[in-house]
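Coordinates in review
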Amino acid sequence: MGKIIGVQFQENGKMYYFDSADVDVKTGDYVIVDTSRGYDLGEVVMGTREIDEDSWRVPLKKVIRHADDQDIQHGRENRIKEKEAFAICQKKIAEHKLEMKLVSVEYAFDNSKILFFFTANGRVDFRSLVKDLASVFKMRIELRQIGVRDEAKMLGGLGPCGRPICCGSFLDQFQPVSIKMAKEQNLSLNPTKISGVCGRLMCCLKYEQEHYEMTRKKMPKIGRDVITPDGTGPVTELNIVKETVFVRLTNGDTSEIKEYPLENITKPAEASQNNEQRKNSPSETQNTVNETGVSGKKEQLQTNEKEKDSESVREKNQETVKKIDVPEVKSKVKTSKPVLGQPVRRENPNRGQKDKENAQTADNTGRKKTAGELPGQIAEENKKSPWADALQKAMQAISQDK
């Protein structure tokens, strides 16, 4: 187990972690720590905490010692020197006519170097400026270009809300902010209203974004139909802060928009699910059985009667299928209509009678009547039949009358 503390080198600056080792410190104490720029004076903002050394990704640098009064006084003298160096650097920038804006100056605790922070629209050739500053201060000079958000943090000021800007008062790190956050919070997309002192999107848009995302998931979308205590209607507007929904209700030819809390709003899909759950819930079925006492038996009788009816219908269908003959089915088939341009086949209406006569003769004579045969020829072939004898007598009577 190792002990770590949190240290800040600038007011409202980023917090850095150090290994306190055997040094006991408390929040608000000043300590001398080893940094990448050498020894530096910092303020403890987080007390000692025990953490597993295996969880440290990078080995932490150690705290050297507590800062005494002399160290604190030396830090105050450096703050005074920084103001003097700021004025001198501004004169040199004007002499070299460089397009850059000086923001801040920092002295190293051991007075080994001076850091100048500036902003510019593009790259700046400041080699001649560095030579002039080194000749004046007789120490190492470093110039670092920063962004507009870092500039606002160093300079401070008042935001659109009338309070000190967040990055200059309590924010130690910048969080990414996008225009999507302003849209989800129903804010005006006017750049002057959603931009901070730095000219970028305000950092406070990030504060409530998580609440808006969680609440919007629970609320219905605009344009969807919902069920209210007064009826159903489409959603026209959402109030994420109050968690209320505006619904348009129609009554005949008139319509009215009403505001309902999210608790009194239900979606059609949720309502149908609740009804199904109520139907399938075992508690309600038990209550109905206890009240009637015979509901279960009635349902069984109804199901048995339905099964019997279905079996009788099946038997009747099978009997009707057996009774149907093939020629009857063929007769019910509709004849195809003649197609335009094709010859139409017309049947002789007397053909059926001739077929019947031929069938009768075939039954009596044992063969069909062929074309060209006369009744006398048939009689000669079948003289022994009574029908032939009767025919001969009739012919003789006719000839005698003539």
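Calculation rules
Residues numbered from 1 in each chain as written. Predicted model: local features only at pLDDT ≥ 70, side-chain atom pairs only at ≥ 80, totals over all residues. Heavy atoms only, no water. Pairing = 2+ DSSP bridges. Helix = DSSP H or I, 4+ residues; strand = E, 2+ residues; numbered from the N terminus. Salt bridge = Lys/Arg side-chain N within 4 Å of Asp/Glu carboxyl O. Buried < 20%, exposed > 50% of the residue type's maximum accessible area, 1.4 Å probe, protein only. Core = buried A, V, L, I, M, F, W, Y, C linked by side-chain atoms within 4.5 Å. Contact = heavy atoms within 4.5 Å. Phe/Tyr/Trp six-rings, centres within 6.5 Å; stacked < 30°, edge-to-face > 60°. Lys NZ or Arg CZ within 6 Å of the ring centre and 35° of its normal. Arc of directions from axis to C-beta. pLDDT = per-residue confidence, 0-100. Axes fitted to C-alpha atoms, helices over the stretch in contact; angles between N-to-C directions.

The next point concerns the pairing of strand β8 (residues 140-145). Successive side chains on a regular strand alternate, one facing one side of the sheet and the next facing the other. Two strands pair when backbone bridges link them, and strand β7 (residues 113-119) and β8 are joined in this way by six bridges, in the parallel orientation. Bridge pairing in β8 links F118 to Q145.

Moving on: the pattern of salt bridges. Side chains that carry opposite charge are capable of pairing whenever their charged atoms lie near each other. Using the criterion set out here, one finds eight salt bridges in the structure. Notably, a salt bridge pairs E142 with R144, separated by 3.3 Å at the nearest N-O pair. A residue is classified by how much of its surface remains accessible, and R144, at 38% relative accessible area, is partly exposed. One connected set of salt bridges, linked through shared partners, spans K113, R140, E142 and R144.

What follows concerns the nonpolar core. Ranked by size, the top nonpolar core spans 17 residues in total, and within it M100, F116, L133, F137 and L143 carry the most contacts. Counting residues per element, the ones that place at least two in this core are α1 (69-96), β6 (101-107), β7, α2 (127-137) and β8. Aside from chain neighbours lying at most four places away, what touches L143 is M100, F116, F118, F126, L129, V130 and L133. Formed by 12 residues, the second largest nonpolar core is a distinct cluster that contains Y212, V245, Y260 and L262.

Now for the packing of aromatic side chains. The full count for this structure, using the stated rule, is four aromatic pairs. Ring centres of F9 and F18 lie 6.1 Å apart, and the angle between their planes is 85°; this geometry places the pair in the edge-to-face category. Using a relative accessible area of 23% as the deciding quantity, one classes F9 as partly exposed. Classification of F18 by relative accessible area gives buried; the value is 5%. Ring pairs connect the aromatic residues F9, Y16 and F18, which therefore count as one cluster. The ring of F174 has K153 sitting right over it, with the charged end atom 5.5 Å from the ring centre.

Phi is positive for K97, close to 55°, though the residue is something other than glycine. Residues other than glycine seldom take positive phi values, yet K138 does so here, at roughly 60°. When you line up the elements, K138 lands in the loop between α2 and β8.

Looking now at α2. Among all positions of α2, only L129, L133 and F137 are buried. For α2, the angular spread of buried residues about the axis comes to 50°, placing them on one side. Across α2 from its buried face, at more than 90 degrees, point the exposed residues R127 and K131. Where α2 is buried, its residues touch α1, β6, β7 and β8. Within two residues after α2, K138 carries a phi angle of roughly 60°, on the positive side.

Averaged over the protein, the pLDDT score is 77; the fraction of residues at 70 or greater is 70%. Ignoring residues within four places in sequence, the model shows residues 283-297, a span with pLDDT below 50, making five contacts including any to other chains. Low confidence marks residues 365-383, where pLDDT is under 50. Its contacts with residues over four positions away, or in another chain, come to 16 contacts.

Glancing now at the sheet that holds strand β11 (residues 244-251). An order of β9-β10-β11-β12 is seen for the four strands of this open sheet, with the pairing classed as antiparallel. This sheet does not close on itself; its edge strands, each paired only once, are β9 (225-228) and β12 (254-261). Averaged over neighbouring strand pairs, the angle between their axes works out to 45° when direction is ignored. Taken together, the four bridges between strand β10 (residues 231-239) and β11 define a ladder with antiparallel strand orientation. Paired with N239 across the strands is T244, a residue of β11.

It is worth spelling out the sheet that holds strand β5 (residues 63-66) at this point. Spatially, β2-β1-β4-β3-β5 is the arrangement adopted by the five strands of the open sheet, whose pairing is antiparallel. The strands lining the two open edges of the sheet, one partner per strand, are β2 (15-19) and β5. When strand polarity is set aside, the average angle formed by the axes of neighbouring strands in this sheet is 45°. Where strand β3 (residues 30-35) meets β5, three bridges bridge the pair, whose relative direction is antiparallel. Following the sheet pairing, I32 is matched in β5 by R65.

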